[in-house]
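Each chain, written out:
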Amino acid sequence: RMEASCLELALEGERLCKAGDFKAGAAFFEAAVQVGTEDLKTLSAIYSQLGNAYFYLKEYSKALEYHKHDLTLARTIGDRIGEAKASGNLGNTLKILGQFDEAVVCCQRHLDISQEQGDKVGEARALYNIGNVYHAKGKHLSWNMAQDPGYLPQEVKETLQKASEYYERNLSLVKELGDRAAQGRAYGNLGNTQYLLGNFSEAIAFHKERLAIAKEFGDKAAERRAYSNLGNAHIFLGRFDISAEYYKKTLQLSRQLKDQAVEAQACYSLGNTYTLLQDYERAIEYHLKHLVIAQELGDRVGEGRACWSLGNAYVSLGSHEQALHFARKHLEISQEIGDRSGELTAQVNMAQLRSALGL
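Residues numbered from 1 in each chain as written. Predicted model: local features only at pLDDT ≥ 70, side-chain atom pairs only at ≥ 80, totals over all residues. Heavy atoms only, no water.

Q: Would you mind showing me how to read the overall build of the protein here?
A: Counting its secondary structure elements, the protein contains 17 helices and zero strands. Along the first, second and third principal axes, the C-alpha atoms of the protein reach 90 × 40 × 40 Å. Within the protein, the proportion of its 359 residues that are buried is 47%. If you take every contact in the protein between residues at least 6 apart in sequence, the share linking residues at least 24 apart comes to 52%. (Helix = DSSP H or I, 4+ residues; strand = E, 2+ residues; numbered from the N terminus. Buried < 20%, exposed > 50% of the residue type's maximum accessible area, 1.4 Å probe, protein only. Contact = heavy atoms within 4.5 Å.)

Here it is in structure tokens:
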């Protein structure tokens, strides 16, 4: 009975995880481990699924622990494919924990074993995962230094270039395998890394490929991201008119998807783009839409940003009373959320507007 009960518990855990209940699934897997089994292949599978369940539950240290158990066990029984899979899972978990160098080592092992076993699908996955680790590391390094895309320290640049190289290798392999969905993901990530590197024309070419595949699959969320990314890249090339068209498509799709946070972001982007185009009436129209959604979402930071943008747009139109109204609101919100620089900006703006109005 003991063997069967371990397997029964594991199968129930698997069923629950497939149904999306990872918490209950993990509990059944834990119970299966407690009961124990002599069949090490079964145990390895249980460890793997426990690691994945905890990963989905965002309990990364537990995920790490079980993927390590799985790796040790796969090695013990000489299961090379199992070792490759466990290494890949470990790499992904270490990436999320910000342990990028250890993550690369694990993903590289996944890659080496997949190549040795002639497992093309595993090889493609490993290349993609290594790209993701370098991409995450590059973003992490550049967050610590606030810069525009393209103005990057050498270390960040080299890291993002590595990410790009692995995505390129992944892309050529998934083309060979005829996996269109994976091609879409590769194009999207190549677009993002090229954008961060400041290669905006290349980024645009990749995001257009991403867009085409998203449409092929009817993947509205990916399509929406592609439009947004295309809008951002055209801004840096000074093609504000084209950016506005892409942001409008982003806005349409965000409404279809009923995603208010994205809708707010699209309105904000459109407001800024029309400001760059010096069409202040339309800028105001979109910033007001952004303001309304920010208020609905209770997003005080977004609200403050909208008021600041509206103040500037009304100044450009010479409507100083309106500008003063929004500068005052910007000041109130900045004080409330403890945004010192926002507060100072608002005070300076108010002083200038008061003097312009002869107050």
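Q: What am I meant to see in helix α6 (residues 100-116) here?
A: What sets the pattern is the α-helix's 3.6 residues per turn: residues three or four places apart point alike. For α6, with 17 residues, the first-to-last C-alpha span of 24 Å sits near the 24 Å given by 1.5 Å per residue. Where α6 is concerned, the buried positions are Phe-100, Ala-103, Val-104, Cys-106, Cys-107, His-110, Leu-111, Ile-113 and Ser-114. In this structure, the buried residues of α6 make contact with α5 (80-96), α7 (120-143) and α8 (154-176). Residue Gly-118 follows α6 closely and has a positive phi angle near 65 degrees. (Expected span 1.5 Å × (residues − 1).)

Q: It is not clear to me how the UniProt feature "repeat: TPR" (unreviewed entry) in the protein should be interpreted in this structure. Could you clarify?
A: Residues annotated in UniProt with the feature "repeat: TPR" (unreviewed entry) correspond here to residues 44-77 and 224-257. The distance from the first to the last C-alpha atom of residues 224-257 is 9 Å, and the span holds 88% helix and 0% strand. (UniProt positions renumbered as here; feature names shortened; annotations may be inferred.)

Q: Any chance you could explain the environment of Ile-130 here in plain terms?
A: Here Ile-130 shows up in helix α7. For Ile-130, a relative accessible area of 0% corresponds to the buried category. For the pair Ile-130 and His-287, spaced 157 residues apart in sequence, the C-alpha to C-alpha distance is 40 Å. The residues contacting Ile-130, other than those within four sequence positions of it, are Cys-107, Gln-108, Leu-111 and Tyr-166.

Q: How do you make sense of the pattern of salt bridges when you look at a structure like this?
A: Where side chains of opposite charge bring their charged atoms close, a pairing between them can arise. Applying the stated criterion to the full structure yields 19 salt bridges. With a shortest N-O distance of 3.1 Å, Arg-255 and Glu-263 are connected by a salt bridge. Judged by its relative accessible area of 40%, Arg-255 falls in the partly exposed class. A single salt-bridge network, built from bridges that share partners, covers Arg-75, Arg-80, Glu-83 and Glu-116. (Salt bridge = Lys/Arg side-chain N within 4 Å of Asp/Glu carboxyl O.)

Q: Help me understand the side chain of Glu-83 in this model?
A: Considering the arrangement of structural elements, one finds Glu-83 in helix α5. With sequence-adjacent residues up to four places away left out, Glu-83 is seen in contact with Leu-71, Ala-74, Arg-75, Arg-109 and Ile-113.

Q: What is the right way to read the packing of helix α2 (residues 22-35) against helix α3 (residues 40-56) from this model?
A: Two quantities define a packed helix pair, namely the angle between the axes and the distance from one axis to the other. Between α2 and α3, the least distance of the axes is 9 Å, while the angle of their chain directions is 150 degrees. It follows from the interaxial angle that α2 and α3 lie roughly antiparallel. Where α2 crosses over α3, the handedness of that crossing is left-handed. Contact residues: α2 offers Phe-22, Ala-26, Phe-29, Glu-30, Ala-32 and Val-33, while α3 offers Ile-46, Tyr-47, Gln-49, Leu-50, Ala-53, Tyr-54 and Tyr-56. Residue composition of the contact of α2 with α3, by class: eleven nonpolar, one polar and one charged. (Axes fitted to C-alpha atoms, helices over the stretch in contact; angles between N-to-C directions. Parallel < 35°, antiparallel > 145°, perpendicular 65-115°, else oblique. Left-handed = near helix turned anticlockwise from the far one by under 90°. Nonpolar A, V, L, I, M, F, W, Y, C, P; charged D, E, K, R; others polar.)

Q: Which parts of the structure should I look at to understand the side chain of Glu-343?
A: Relative to the helices and strands, Glu-343 resides in helix α17 (residues 340-356). If sequence neighbours within four positions are ignored, Glu-343 has contacts with Leu-331, Ser-334 and Gln-335.

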